[in-house]
Amino acid sequence: MAIGMLMAEEAAPLPWKADVQAARKGDPSAFEALVRSVQRPVYGLALRLLQSEAEAAEVAQEALLRAYQNLHRYDDARPFDLWVLAITRNLCLDLLRRRTKVRTEELEPMKEVLPSNEASQEDGAIAREERQSLEAAMETLSVDDREVLALYYVQKRTTKEIAQIMGCAPGTIMARLFRAREKLRKKMTPAEEETR
């Protein structure tokens with residue numbers, strides 16, 4: 001049993017290693033497998049930061065292309081998804097810096113389908129309203145705050161993983177998460193409740 005656990009521990013941190021090695025040798029199906037494993041979180045992060053579906057799709061495509069072009073530079077001791085998310089983040093921040101004016105496009109709220117047997121129509125409407133309220137509050141936060149909240153709560157990343165993506169210490173991430181949650185809480189709390 002101890003040997004099986006040891007083997008599982010050795011295999012767990014590097015799930016992409018075989019695909020990376022095969023892709024480096026020119027195997028297109030190996031790179032396709034890598035893309036499938038990261039495309040959803042890559043697009044999700046881009047969408048959260050850019051708040052535009054078209055721009056997020058473009059940046060996600062560019063990030064995956066750059067990952068392919070720079071596969072020889074990838075350190076396979078590091079998780080592949082974190083490496084691609086860091087590329088995505090940098091592309092998003094570059095695009096945000098290049099913007100000359102504030103966009104007025106609204107991010108269409110992400111639709112979550114609730115199974116009909118789990119919630120009534122009223123519960124579904126309340127959940128949608130709460131989700132839209134949360135999305136509206138998120139849109140008022142800075143890019144930095146949206147980024148750390150999206151990585152932690154939406155993509156379920158650890159503070160250590162977020163620190164790797166953003167290139168800073170885990171303690172810094174914990175502090176940023178705390179501040180971002182406080183800002184979001186204040187935006188979600190009606191003014192009259194705060195004065196009590």
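Residues numbered from 1 in each chain as written. Predicted model: local features only at pLDDT ≥ 70, side-chain atom pairs only at ≥ 80, totals over all residues. Heavy atoms only, no water.

A.B. asks: When you look at the pattern of salt bridges in this model, what are you seeing that I'm missing?
C.D. replies: Opposite charge on two side chains permits them to pair, given that their charged atoms come into close proximity. One pass over the structure, following the stated rule, counts 8 salt bridges. With a shortest N-O distance of 2.8 Å, Arg-66 and Glu-62 are connected by a salt bridge. Separated by 4 residues within a single helix, Arg-66 and Glu-62 lie in helix H4 (residues 53–69), roughly one turn from each other. Take Arg-66: its relative accessible area is 35%, and that puts it in the partly exposed class. (Salt bridge = Lys/Arg side-chain N within 4 Å of Asp/Glu carboxyl O. Helix = DSSP H or I, 4+ residues; strand = E, 2+ residues; numbered from the N terminus. Buried < 20%, exposed > 50% of the residue type's maximum accessible area, 1.4 Å probe, protein only.)

A.B. asks: Can you help me understand the nonpolar core in this one?
C.D. replies: Among soluble globular proteins, nonpolar side chains are generally buried collectively. Ranked by internal contacts, the top residues of the largest apolar core, which has 48 residues, are Phe-80, Trp-83, Val-84 and Leu-149. Sorting the residues of this core by element identifies helix H2 (17–24), helix H3 (28–50), H4, helix H5 (80–98), helix H6 (121–139), helix H7 (143–154), helix H8 (159–166) and helix H9 (170–188) as the ones contributing at least two each. If you tally residues by element for this core, the top one is H5, at 12 residues. Apart from the residues within four sequence positions on either side, Phe-80 is in contact with Trp-16, Val-20, Leu-34, Val-38, Leu-71 and Tyr-74. (Core = buried A, V, L, I, M, F, W, Y, C linked by side-chain atoms within 4.5 Å. Contact = heavy atoms within 4.5 Å.)

A.B. asks: For this particular structure, what's the right way to read the packing of aromatic side chains?
C.D. replies: Two measures describe an aromatic ring pair: the distance that separates the ring centres and the angle between the ring planes. Per the stated rule, a full pass over the model turns up 6 aromatic pairs. Taking the centre distance of 5.3 Å and the plane angle of 90° together, the rings of Tyr-74 and Phe-80 count as edge-to-face. For the pair formed by Tyr-74 and Phe-80, the shared burial category is buried. With 5.8 Å between their ring centres and 50° between their planes, Phe-80 and Trp-83 make a pair best called tilted. Residue Phe-80 and its partner Trp-83 are both found in helix H5; the two are separated by 3 residues, about one turn of the helix. As far as burial versus exposure is concerned, Phe-80 and Trp-83 are alike and both buried. (Phe/Tyr/Trp six-rings, centres within 6.5 Å; stacked < 30°, edge-to-face > 60°.)

A.B. asks: When you look at unusual backbone geometry in this model, what are you seeing that I'm missing?
C.D. replies: With the exception of glycine, most residues fall at negative phi, and the peptide bonds are largely trans. At Gln-51, a residue that is not glycine, the phi angle is positive and equals roughly 55°. A relative accessible area of 18% places Gln-51 in the buried class. One non-glycine residue, Lys-156, lies in the positive phi region at around 55°. Mapping Lys-156 onto the fold places it in the loop between H7 and H8. Classification of Lys-156 by relative accessible area gives exposed; the value is 63%.

A.B. asks: Just checking my understanding: could you explain the packing of H3 against H7 for this structure?
C.D. replies: A pair of packed helices can be characterised by two numbers: the angle between their axes and the separation between those axes. Relative orientation of the contacting elements H3 and H7 amounts to 150°, with a least axis distance of 9 Å. Between H3 and H7, the angle falls in the class roughly antiparallel. For the crossing formed where H3 meets H7, the hand is right-handed. Facing H3, whose interface residues are Leu-45, Arg-48 and Leu-49, H7 presents Val-143, Arg-146, Glu-147, Ala-150, Leu-151 and Val-154. Split into classes, the residues belonging to the contact of H3 with H7 amount to 6 nonpolar, no polar and 3 charged. (Axes fitted to C-alpha atoms, helices over the stretch in contact; angles between N-to-C directions. Parallel < 35°, antiparallel > 145°, perpendicular 65-115°, else oblique. Left-handed = near helix turned anticlockwise from the far one by under 90°. Nonpolar A, V, L, I, M, F, W, Y, C, P; charged D, E, K, R; others polar.)

A.B. asks: Would you mind showing me how to read the environment of Val-59 here?
C.D. replies: You can see Val-59 is positioned in helix H4. Distance in space between the C-alpha atoms of Val-59 and Thr-88 is 6.9 Å, their sequence separation being 29 residues. Leave out the neighbours within four places in its chain, and Val-59 touches Ala-46, Leu-50, Thr-88, Leu-91, Cys-92 and Leu-95.

A.B. asks: Just to check I follow, could you spell out the confidence of the model for the protein for this structure?
C.D. replies: Fine structural detail should not be taken from predicted coordinates in areas where pLDDT scores are low. On average, the protein scores 78 in pLDDT, and the residues at 70 or more come to 72%. No element of the protein has a lower mean pLDDT than helix H1 (residues 2–11), at 43, and none a higher one than H4, at 93. Throughout residues 1–13 the model reports pLDDT below 50, and contacts reaching past four residues in sequence, or to other chains, amount to 0 contacts. In this model residues 100–119 is a low-confidence stretch, pLDDT under 50, and it forms 15 contacts with partners more than four residues away in sequence or in other chains. (pLDDT = per-residue confidence, 0-100.)

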